[in-house]
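Inside the fold
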Amino acid sequence: GKEGLQDLVEHMHPVRMFDFLKNWRIQGITMLPQIHLILMQTASEATQNSPADRKKLPLFFGEIIRYMLLEQLPGPAHLAGARPGVDHFILLLKAWAESGRDDRISRGIQTIPMVQELSRRRRIHFRPNTLLYNALLQLLASSADANDLRNAERVFHEMEKGLVPDASPDKISYRIIFYGLANVIAHDSQAKDRIMALLREMEREEEQHDIVGSFQLHRPRAQLDAAMYGYLILKLAHAGHFDQAEQVYQSLLSMYTKFREPRFCPDYHVKRALCFVYARTGRPREAEKMVLGMEDEFGLDSENSPKRSHYEFVLDSWATSKSQDTEQQTARWIRHIQSIVTKHNAHHLLPRRWYIVDLLGRLGKGTKENAAQKAELLFRALIDLEKSVNSNDPVVNHDHYNRMIQIWAKCQDKEAPRRAEQLLLDMRKRATNGERRLHPQTSHYTAVINAWSRSRQPGSLERAEAIFNFVRKQYHSGNRDAIPDEVFYGSMISCYARSGDLDKMEKIATLMVDDWLGGNNRLEPNTSILNSMVLGILLKQKKPHALKRARRLVKLMAQVGVQADERTNSLLVEIKSSRR
């Protein structure tokens, strides 16, 4: 019966089931369109987690629809039974949109004229409708090509003007265009003006409604809500359009004041977007006021309570503020987070590790000492926060130490290398005391070597060499926490090349080759290292011995598969022709 067949379609592999249905048709058993529709829906669900299968899905759907249109047996019953409906073509369009294929747009848009022609010839059930055109809009809006999005807007406006029979824009139509435009604001200079115009149009649609008390005579087609405003605010802010982002927020407040509908009430999404605006425009007090207001109004347990990102944006705005008391205010806000986490056991509100890495990088950007000091003050405050809340999900890990070491390594202050090395020692101490997650890795040692190599202080080369020898000693004694790689060796080679100590440079190169030949799989010597050595020879060594040393190093590196390139040969020619 129909129910048993429907159950079979939902549980059998789609391709095998399709072959089974074709066999039924050949035997003269009428197949209802609903059965094929369920087959297509089942196939869609079955391929959600398989990109390779999603690429094949629209082709499979096309085969099903072609088969349904085929007149294999005479008689009106069979033709009626096999006749597809618009729903089948909607699934086909959605399959093209989600396929990820390069030709999905060109192939997918062919569906519309096909449906129109079949409808004219009465070969399908129902005429093209809004759902079908929404699927087309979704297909066009999913493209990375700006022209496809413009085509989606063109179809949308034709639907608005009544130029598309039996299809007028609904809530879904508006949202597809709205979110499509919002997603390209950052790289399409005209998208901002187009989406602002669409927003005003949607607001006018809302305002033209007759409202009697709380009862609406008819719902607006656009059906704006706070989530749409919040999304647009965030996208505008990410693109640097902060004034327009605040204008959108004021528009939302105006709509909420005018209609007093819950859907216009600014929720935590909207306020998070606005906190981001305040963070990027240097207004920490406004960001903090908003979050504290959310705490007072909603507490910490409701849907509209402040989330982790709200606290992060306030922290961001204070840490990057140019006010004179920025360090004190940052520390105060961290203490506020600490008190909330401790009092309410709200560990989910602790700052995310990747966010702190990014914030430290922005604070320490540049080479000035105060930038590095500002970043380390935040870093130390976060370590104190981590200790005080006793979280199972650590706030600080080796990525944060690595970022701080990198910041000090690039700083021009004379104490910068010592500060970088001190951070490295802190990591080793904490790792020794049981925090294995903080055991220094190769990148940490490499950054400290670079810091000392840039320093002009007496003994800086000796400090870099001591760290280099420590890592190699640990590695050769069986410790695999820090495995020397080509970047590690390259930093020490560059250090000696710049200083002119070419004998030690060559010695380091020999050690690198020995390690590679000894089975260090992490080590991948490359042409850049060879060229830095040859350049050092060109700049620092006199002619009688320079060419011999350079050729010796080229031969040495050839043992590990590194061949001279155009740059190497050019440097060799310069060494040969040099008069030094």
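Throughout what follows, the structure given in this document is the object of discussion. (Residues numbered from 1 in each chain as written. Predicted model: local features only at pLDDT ≥ 70, side-chain atom pairs only at ≥ 80, totals over all residues. Heavy atoms only, no water.)

Now for the overall build of the protein chain. A count of helices and strands for the protein chain gives 29 helices and 2 strands. Considering the protein chain as a whole, with its 580 residues, one finds that 49% of them fall into the buried category. Counting contacts in the protein chain only where the partners sit at least 6 residues apart, residues at least 24 apart contribute 68% of the total. Accessible surface computed for the protein chain: about 29,000 Å², of which carbon and sulfur atoms make up 49%. (Helix = DSSP H or I, 4+ residues; strand = E, 2+ residues; numbered from the N terminus. Buried < 20%, exposed > 50% of the residue type's maximum accessible area, 1.4 Å probe, protein only. Contact = heavy atoms within 4.5 Å. Areas by Shrake-Rupley, 256 points an atom, 1.4 Å probe, with all protein chains shown as cover.)

Counting residues in hydrophobic clusters, the biggest one holds 172 residues, and the most contacted among them are Phe-61, Leu-232, Leu-378, Met-505 and Met-533. When residues no more than four places from it in sequence are discounted, the contact partners of Leu-378 are Leu-315, Ala-319, Thr-330, Ile-334, Leu-359, Leu-360 and Leu-363. (Core = buried A, V, L, I, M, F, W, Y, C linked by side-chain atoms within 4.5 Å.)

Under the definition given, this model contains 34 salt bridges. Among the salt bridges present, the one from Arg-472 reaches Asp-515, with a minimum N-O distance of 3.3 Å. Of this pair, Arg-472 sits in helix H24 (residues 460–476) while Asp-515 sits in helix H26 (residues 502–517); the two residues are 43 residues apart in sequence, bridging distant segments of the chain. Each member of the pair, Arg-472 as well as Asp-515, carries the same accessibility label: buried. Connected through shared salt-bridge partners, Arg-280, Asp-316, Asp-358 and Arg-362 make up one network. (Salt bridge = Lys/Arg side-chain N within 4 Å of Asp/Glu carboxyl O.)

Taking 1.5 Å per residue as the helical rise, helix H6 (residues 86–98) with its 13 residues ought to reach 18 Å, and the 19 Å between its terminal C-alpha atoms agrees with that figure. Of all 13 residues that make up H6, 10 are buried, and the element is covered over most of its length. All of the buried residues in H6 are Val-86, His-88, Phe-89, Ile-90, Leu-91, Leu-92, Leu-93, Ala-95, Trp-96 and Ala-97. Residues of H6 that are buried sit in contact with helix H3 (33–46), helix H4 (51–69), helix H7 (104–108), helix H8 (111–120) and helix H9 (130–141). (Expected span 1.5 Å × (residues − 1).)

So, about the environment of Phe-178. By the secondary structure assignment, Phe-178 is in helix H11 (residues 171–182). Phe-178 sits 37 residues away from Ala-141 along the chain, and the two C-alpha atoms are 9.8 Å apart. Filtering out sequence-adjacent residues up to four positions away, Phe-178 remains in contact with Ile-195, Leu-198, Leu-199, Met-202, Met-228 and Leu-232.

Once that is clear, we can look at the packing of helix H14 (residues 242–259) against helix H15 (residues 268–280). Direction vectors running N to C along H14 and H15 enclose 150°, while the axes themselves pass 10 Å from each other. Where H14 crosses over H15, the two elements pack in a sense that is left-handed. Contacts from Phe-242, Ala-245, Glu-246, Tyr-249 and Leu-252 of H14 reach H15 at Val-270, Leu-274, Val-277, Tyr-278 and Arg-280. Across the contact of H14 with H15, the residue classes break down as 8 nonpolar, no polar and 2 charged. (Axes fitted to C-alpha atoms, helices over the stretch in contact; angles between N-to-C directions. Left-handed = near helix turned anticlockwise from the far one by under 90°. Nonpolar A, V, L, I, M, F, W, Y, C, P; charged D, E, K, R; others polar.)

Quick look at the environment of Ser-168 now. Mapped onto the elements of the fold, Ser-168 is located in the loop between helix H10 (146–160) and H11. In the structure, Ser-168 is positioned 53 residues away from Arg-221 in sequence and 9.3 Å away in space, judged by C-alpha atoms. The contact partners of Ser-168, leaving out residues within four places of it in the chain, are Thr-130 and Met-159.

On to the side chain of Ser-491, then. Tracing the chain through its elements places Ser-491 in helix H25 (residues 486–499). Judged by its relative accessible area of 5%, Ser-491 falls in the buried class. Only 2.7 Å separates the side chain of Ser-491 from the backbone oxygen of Phe-488, close enough to count as a polar contact. Once residues within four sequence positions are removed from consideration, Ser-491 is found in contact with Thr-446, Ile-449 and Asn-450. (Polar contact = N/O pair within 3.5 Å; in protein donor to acceptor, adjacent residues only side chain to side chain.)

On to the packing of H25 against helix H27 (residues 527–540), then. Interaxial distance between H25 and H27 falls to 9 Å at its minimum, and their mutual angle equals 5°. With respect to each other, H25 and H27 are oriented roughly parallel. Contact residues: Glu-486, Gly-490, Ile-493, Ser-494, Ala-497 and Arg-498 in H25; Ile-529, Ser-532, Met-533, Gly-536 and Lys-540 in H27. Split into classes, the residues belonging to the contact of H25 with H27 amount to 4 nonpolar, 4 polar and 3 charged. (Parallel < 35°, antiparallel > 145°, perpendicular 65-115°, else oblique.)

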